[in-house]
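Coordinates in review
Read off the chains here:
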Amino acid sequence: MDELVFWVEASPEGGFTARALGAAIFTEADDRETLKQFILDAVDCHYEPQERPKIVRLHFVQDEVFTT
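Report on the accompanying structure.

Scanning the chain from terminus to terminus reveals one helix and four strands. In the chain, the order of α-helices and β-strands from amino to carboxyl end is β-β-β-α-β. Along the first, second and third principal axes, the C-alpha set of the chain runs to 50 × 20 × 20 Å. In the chain, which carries 6 positive and 14 negative side-chain charges, the distance between the mean positions of the two groups comes to 7 Å.

In structure tokens, the structure reads:
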């Protein structure tokens, strides 16, 4: 695997949640830097060293609601 993408959203309770697309990996953290570290730790736990993705991409999603 060359690349693993995480769908990142702001959590209603504060902080962020991250879910890998195509892999059973989920983590959450209070800030972006901690989230990055938690994601790397989760990827290390999920994959053997020779199977780890070379690139981890974070896709930040933000909902915006407004009235017309």
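The next thing to look at is helix 1 (residues 32-46). With 15 residues, helix 1 should cover 21 Å at 1.5 Å per step; its first-to-last C-alpha distance of 21 Å lies within 8% of that length. Listing the buried residues of helix 1 in full gives Leu35, Ile39, Ala42 and Val43. The arc that holds every buried residue of helix 1, seen down its axis, measures 100°, which confines them to one face. Exposed residues on helix 1 whose side chains face more than 90 degrees from its buried face are Glu33 and Cys45. Where helix 1 is buried, its residues contact strand 1 (3-10), strand 2 (16-20), strand 3 (26-29) and strand 4 (55-61). Capping the start of helix 1, Asp31 holds a side-chain oxygen 3.2 Å from the backbone nitrogen of Glu33, two or three residues further along.

Inspection of the entire model under this criterion finds three salt bridges. Glu3 is the salt-bridge partner of Arg57, the closest N and O atoms lying 2.6 Å from each other. Of this pair, Arg57 sits in strand 4 while Glu3 is found in strand 1, placing the two residues 54 residues apart along the sequence. For Arg57, a relative accessible area of 44% corresponds to the partly exposed category. When the shortest N-O distance is used, the salt bridge between Asp44 and Arg52 registers 3.0 Å. Exposure remark for Asp44: the relative accessible area of 40% places this residue in the partly exposed category.

The rules behind these values
Residues numbered from 1 in each chain as written. Predicted model: local features only at pLDDT ≥ 70, side-chain atom pairs only at ≥ 80, totals over all residues. Heavy atoms only, no water. Helix = DSSP H or I, 4+ residues; strand = E, 2+ residues; numbered from the N terminus. Lys, Arg positive; Asp, Glu negative; His and termini not counted. Charge placed at Lys NZ, Arg CZ, Asp CG, Glu CD. Expected span 1.5 Å × (residues − 1). Buried < 20%, exposed > 50% of the residue type's maximum accessible area, 1.4 Å probe, protein only. Arc of directions from axis to C-beta. Contact = heavy atoms within 4.5 Å. Polar contact = N/O pair within 3.5 Å; in protein donor to acceptor, adjacent residues only side chain to side chain. Salt bridge = Lys/Arg side-chain N within 4 Å of Asp/Glu carboxyl O.

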